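# Structural overview for review
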Amino acid sequence: MTATISELNGAGLSGAAADDKYGFDIALNEGGTRLAVGVKDSDVGGGSAGQVFIYDYAGGAWSLVGSSINGSAGDGLGGGVALNYSGDIVAVAASYYSTSRGRVQVYQYNGASWGQLGSDLVGDAALDMIGLGGIDLNAAGDRVVFGASASLNRNYVKVYEYG
């Protein structure tokens, strides 16, 4: 069996600054047509605020879907990203949020913008850095799982369901 591998980069899949950690974490939807890119150390919104960009692939090019999801100064948003099956729901981790407790947020695309589902999920204690060690969504996007494996305190995994 022979496999052919083709690069599908198109234009625009690179960071704005050399040290922004564009692509720190990445995720594809099931069809490979939607891509989430974590930019953990982007300074948009303040030093190391972080950003997540979501792109669609069509006609040989990647185009931005809605606006980027932006963190606040020191959050490190984009340390973890996950997409559901269709790519209309994204989970994002801001691992340095609130003395590095970390925060996970889930967003859904409504055809024009990304709106947050439910409330923020925050680590149990300082230095838990949730989501940095792993984050995922099930196919439907109604369950999110994340770990605190980077924690200096203790390691744990939590699963939440949205309804």
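These lines cover the structure that appears in this document, whether it is placed above or below. (Residues numbered from 1 in each chain as written. Predicted model: local features only at pLDDT ≥ 70, side-chain atom pairs only at ≥ 80, totals over all residues. Heavy atoms only, no water.)

## With respect to the packing of aromatic side chains
Counted by the stated rule, this structure contains five aromatic pairs. When the centroid spacing of 4.7 Å and the interplanar angle of 50° are considered together, the rings of Tyr57 and Trp62 count as tilted. Given the relative accessible area of 12%, Trp62 is considered buried. The structure contains a cluster of three or more aromatic residues connected by ring pairs, namely Tyr22, Phe53 and Tyr55. One residue, Lys40, lies across the ring of Phe24, its end atom 4.9 Å from the ring centre. Taking the ring centre of Tyr97 as reference, the NZ or CZ of Arg103 above it sits at 4.1 Å. (Phe/Tyr/Trp six-rings, centres within 6.5 Å; stacked < 30°, edge-to-face > 60°. Buried < 20%, exposed > 50% of the residue type's maximum accessible area, 1.4 Å probe, protein only. Lys NZ or Arg CZ within 6 Å of the ring centre and 35° of its normal.)

## Considering the sheet that holds strand E8 (residues 103-109)
Two orientations exist for strands paired in a sheet by backbone hydrogen bonds: parallel and antiparallel. Across the sheet, four strands lie side by side as E6-E7-E8-E9; this open sheet has antiparallel pairing. Only two strands of the sheet have a single neighbouring strand rather than two, namely strand E6 (77-83) and strand E9 (114-122). Taken over all neighbouring pairs, the strand axes of this sheet differ in orientation by 20° on average, direction set aside. By the bridge criterion, six bridges tie E8 to E9 in an arrangement that is antiparallel. Across the sheet, the residue bridging to Arg103 is Val122, located in E9. (Pairing = 2+ DSSP bridges. Helix = DSSP H or I, 4+ residues; strand = E, 2+ residues; numbered from the N terminus. Axes fitted to C-alpha atoms, helices over the stretch in contact; angles between N-to-C directions.)

## What to know about the pairing of strand E2 (residues 34-39)
Taking burial as the measure, the six residues of E2 include six buried ones, the bulk of the element. By the bridge criterion, four bridges tie strand E1 (residues 22-28) to E2 in an arrangement that is antiparallel. Each bridged residue has a counterpart across the sheet, and for Tyr22 the counterpart in E2 is Val39. In this structure, the hairpin formed by E1 and E2 is closed by a connection of five residues, where Gly32 is found at a positive phi of approximately 75°. Here six bridges tie E2 to strand E3 (residues 51-58), and the two strands are oriented antiparallel to one another. From the neighbouring strand, Arg34 faces E3, where its bridge partner is Asp56.

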